Amino acid sequence: MINEIVAFINNILWGNGQILIYMLLAAGVWFSVRLGFIQIRHFGHMFAVMKGSNKSDKAGISSFQALCTSLSARVGTGNLAGVAVAISLGGSGAIFWMWVIAILGMATGFAESVLGQLYKVKDTNGEFRGGPAYYIQQGLNKRWLAVIFSLFLFLGYGFIFSAVQANTITDALNHAYDIPTLYSGLVIIIMAGLIVIGGLRAIARFAEWVVPFMAVSYVLVTLIITILNLDLVPAMLWDIISSAFGLQEAGAGALGAAFKHGVQRGLYSNEAGSGSVPHAAASASPNPDHPVSQGYVQMLGVFIDTMILCTCSAIVILLAGGSSGEGMEGIRLTQNAMSTHLGAGGGDFVAAAISLFAFTSVVANYAYGESNLHMFKLDNKIGRSAYTIGYLLMILWGSMAALPEVWAAADMALGLMTVINITAIVWMTPTIVSISKDYFKKRESGEEITYKSGDCEIQGKSEKGIWD
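Residues numbered from 1 in each chain as written. Predicted model: local features only at pLDDT ≥ 70, side-chain atom pairs only at ≥ 80, totals over all residues. Heavy atoms only, no water.

Enquirer: Could you give an account of the overall build of the protein, with specific residues and numbers?
Expert: Secondary structure assignment for the protein yields 20 helices and two strands. For a compact globule of 468 residues, the expected C-alpha radius of gyration is about 23 Å, and the protein comes in at 21 Å, within 12% of that figure. Expressed as lengths along the three principal axes of its C-alpha atoms, the size of the protein is roughly 60 × 45 × 45 Å. Residues classed as buried in the protein amount to 61% of the 468 residues present. (Helix = DSSP H or I, 4+ residues; strand = E, 2+ residues; numbered from the N terminus. Rg over C-alpha atoms; globule rule 2.2 N^0.38 Å. Buried < 20%, exposed > 50% of the residue type's maximum accessible area, 1.4 Å probe, protein only.)

Here it is in structure tokens:
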């Protein structure tokens, strides 16, 4: 019964209805135009804004920690297993559409992260919290919609998505070393529990050390593989482009499959528009002291996640012959592709990489769910304990569940969150444009880039005292 309900909802969101594909493309185009294609015009500035990004105060984490925390959640199964799924179902052309949704998604990610920082609040511990539920409640004065979003977020990031990551870790370890999924699932629970018990700051400290290490290592290995197969690169690029536009024999059917699966897996990977990343953006002490700075930081996160790391996985798989391994799906396709390039050590490398990538997502997902406890006045010992127990139990379930069931549930939760968040941020476009122009004006005039309540017109009001 549950599987039928999930399948019905996913069919509307991702299947025949394809509501989300149209919403994401429309939102990406909308914010790209309204913000003057900021992801292209200010491409260099999103790197420059990271200067001095390691500064923080008692109420928040640093901008660099916020970037690494958001990348912890983004960089996971979507980058290794998700890319493999996209290629298996949509062919190499899916990668092109994954790039397109990432470029457009950079503008969407900018918009939602600006709102997350602008409408943040302080919880009972005096730490910054924020996200779509907060800007929906304060900016749009729609508490009922904020509550619905929070419930979907708890379902998705608090529980299901961690099960997806655990599923991929245990499957990779089982495939590489025949480790029973129950045993590896128990190890994940213990390790995750030890980190998340320290709250957001402990998660952020873990992320700022692990994320750069694993990302750089993955890129370096991919560069080596690319250099060793340099003669195959032109044909690979042509295959991506020709498949993306249905120029091969399969024609329109291949075009449709490439488009659908590229967009779907692209969203799952970079999360732009889903409403997850604003939680990390809100927790940061901005640098400079302006909400828009976090828009640039998280726009960079979309670029790193999809344009760099997902592309690395695609290169590894396609240079190994694509989805030629019959019956292979998810992480196993990536493992076999890496083994083709590096021999027996390839499977070991992917097993280690996915374990790190997915485990950081497991930990960061907890932080997103915890951020919404404040919405229900549950940011206390009892509320956190109940949430933590449910979160750890879902990890155990995910470690032993069937892959299709877990992915379907994840797609549903992500889709429902995205519908609400996209609707909200489009509704709040006047605020996004107004505060962005305030930042642009101060930057161009050479003024100190700071923000205080009243500097520009916004919808509703941010929490009293935060930006006064």
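Next comes the rest of the description.
Enquirer: Give a description of the pattern of salt bridges that names residues and reports values.
Expert: Going through the model one piece at a time under the given rule, you end up with four salt bridges. With a shortest N-O distance of 3.2 Å, Asp438 and Lys442 are connected by a salt bridge. With Asp438 and Lys442 both in helix H20 (residues 429–445) and four residues apart, this pair spans about one turn of that helix. The class for Asp438 is buried, based on a relative accessible area of 11%. (Salt bridge = Lys/Arg side-chain N within 4 Å of Asp/Glu carboxyl O.)

Enquirer: Requested: an account of the nonpolar core, with residues and values cited.
Expert: Within the largest apolar cluster, 153 residues are counted, with the highest numbers of intra-cluster contacts made by Tyr296 and Ile395. Sorting elements by how many residues they give to this core places helix H15 (residues 292–319) first, with 17 residues. Beyond its immediate sequence surroundings of up to four residues, Ile395 is in contact with Ser162, Ala166, Ile188, Ile189, Ala192 and Val362. (Core = buried A, V, L, I, M, F, W, Y, C linked by side-chain atoms within 4.5 Å. Contact = heavy atoms within 4.5 Å.)

Enquirer: So, a nonpolar patch on the surface: which residues are in play, and what are the values?
Expert: Together, Val29, Val33, Phe37 and Ile40 line one region of the surface with nonpolar side chains, adding up to about 370 Å² of accessible area. In this structure, Ile40 sits in helix H3 (residues 38–41). (Patch = residues over 30% accessible without salt bridge, like charges linked within 9 Å, V, L, I, M, F, W, Y side chains within 5 Å. Areas by Shrake-Rupley, 256 points an atom, 1.4 Å probe, with all protein chains shown as cover.)

Enquirer: Which residues make up helix H1 (residues 2–13), and what are the values?
Expert: Here H1 is 12 residues long and its end C-alpha atoms lie 17 Å apart, about the 16 Å a rise of 1.5 Å per residue gives. The complete set of buried residues in H1 reads Val6, Asn10 and Leu13. Within H1, the buried residues cover an arc of 60° as seen down the axis, which keeps them to one side. Residues of H1 that are exposed and point more than 90 degrees away from the buried face comprise Glu4 and Phe8. (Expected span 1.5 Å × (residues − 1). Arc of directions from axis to C-beta.)

Enquirer: Before we move on, could you go through unusual backbone geometry and cite the residues and values that matter?
Expert: A positive phi angle is found at Asn141, which is not glycine, with a value near 55°. Relative to the assigned elements, Asn141 resides in the loop between helix H8 (132–139) and helix H9 (143–177). Although it is not a glycine, Asp178 adopts a positive phi angle of roughly 60°. One can find Asp178 in the loop between H9 and helix H10 (181–196). On the accessibility criterion, Asp178 (64% relative accessible area) is exposed.

Enquirer: Run through helix H5 (residues 63–74), naming residues and quoting values.
Expert: Taking 1.5 Å of rise per residue, the 12 residues of H5 would be expected to cover 16 Å, and the 16 Å separating its terminal C-alpha atoms lies within 8% of that figure. When you tally the buried positions in H5, you get 11 out of 12 residues, the bulk of the element. Among the residues making up H5, those that are buried are Ser63, Gln65, Ala66, Leu67, Cys68, Thr69, Ser70, Leu71, Ser72, Ala73 and Arg74.

Enquirer: How would you summarise the confidence of the model for the protein if you had to cite specific residues and measurements?
Expert: The predicted coordinates of low-pLDDT regions are not to be read in fine detail. Across the protein, the average pLDDT comes to 84, with 91% of residues at 70 or higher. Confidence drops under a pLDDT of 50 for residues 324–328, and excluding neighbours within four residues, the segment shows three contacts in the predicted structure. (pLDDT = per-residue confidence, 0-100.)

Enquirer: How would you sum up the packing of helix H7 (residues 93–118) against H15? Please name residues and give values.
Expert: Where H7 meets H15, the closest approach of the two axes is 7 Å, and the angle between their N-to-C directions is 160°. By the angle between their directions, the pair H7 and H15 is classed as roughly antiparallel. Relative to H15, H7 is oriented so that their crossing is right-handed. Classifying every residue of the contact of H7 with H15 by side-chain character gives 16 nonpolar, eight polar and no charged. (Axes fitted to C-alpha atoms, helices over the stretch in contact; angles between N-to-C directions. Parallel < 35°, antiparallel > 145°, perpendicular 65-115°, else oblique. Left-handed = near helix turned anticlockwise from the far one by under 90°. Nonpolar A, V, L, I, M, F, W, Y, C, P; charged D, E, K, R; others polar.)

Enquirer: Got a sec to walk through the packing of aromatic side chains? Specific residues and values, please.
Expert: Within this structure, the stated rule accounts for 17 aromatic pairs. A centroid spacing of 5.9 Å and a plane angle of 65° characterise the contact between Phe154 and Tyr387, whose relative ring orientation is edge-to-face. Of the two residues, Phe154 is situated in helix H9 and Tyr387 in helix H18 (residues 381–400); the sequence distance between them amounts to 233 residues. These aromatic residues form a ring-pair network of at least three members: Phe154, Phe159, Tyr366, Tyr387 and Tyr391. Over the ring of Phe440 we find Arg41, and its NZ or CZ is 6.0 Å from the ring centre. When the ring centre of Phe128 is taken as reference, the NZ or CZ atom of Lys120 above it lies at 3.8 Å. (Phe/Tyr/Trp six-rings, centres within 6.5 Å; stacked < 30°, edge-to-face > 60°. Lys NZ or Arg CZ within 6 Å of the ring centre and 35° of its normal.)

Enquirer: Outline the environment of Ala73, supporting the account with residue identities and numerical values.
Expert: In this structure, Ala73 sits in helix H5. Residue Ala73 is classed as buried on the basis of its relative accessible area, which comes to 3%. Spatially, the C-alpha atom of Ala73 lies 14 Å from that of Phe154, the residues being 81 residues apart in sequence. Residues contacting Ala73, with those up to four places away along its chain left out, are Glu271, Ser361, Ala364, Asn365 and Tyr368.

Enquirer: Describe in detail the environment of Ile304, supporting the description with residues and values.
Expert: Inspection of the secondary structure puts Ile304 in helix H15. Taking the C-alpha atoms as reference points, Ile304 and Leu13, separated by 291 residues in sequence, lie 26 Å from one another. Not counting chain neighbours up to four residues away, the residues in contact with Ile304 comprise Leu71 and Leu309.

Enquirer: Explain the packing of H9 against helix H17 (residues 344–371) to me, and be specific about the residues and the numbers.
Expert: Interhelical geometry of H9 versus H17 gives an angle of 165° and a closest axis separation of 9 Å. Considered as vectors, H9 and H17 are oriented roughly antiparallel to each other. For H9 against H17, the interelement crossing comes out left-handed. Residues of the contact of H9 with H17, tallied by class, amount to 17 nonpolar, nine polar and one charged.

Enquirer: Requested: an account of the environment of Cys312, with residues and values cited.
Expert: Tracing the chain through its elements places Cys312 in helix H15. Between the C-alpha atom of Cys312 and that of Ile225, which follows or precedes it by 87 residues, the distance is 9.8 Å. Beyond its immediate chain neighbours, meaning those up to four positions away, Cys312 contacts Tyr218, Val219 and Thr222.

Enquirer: Before we move on, can you summarise the state of the cysteines with the specific residues and values?
Expert: Under the definition given, this model contains zero disulfides. Between Cys68, a free cysteine, and Cys312, which holds the nearest cysteine sulfur, the sulfur-to-sulfur gap is 17 Å. Using a relative accessible area of 2% as the deciding quantity, one classes Cys68 as buried. Looking at the unpaired Cys312, the closest cysteine sulfur is the one in Cys310, lying at 9.2 Å. (Disulfide = S-S within 2.5 Å.)

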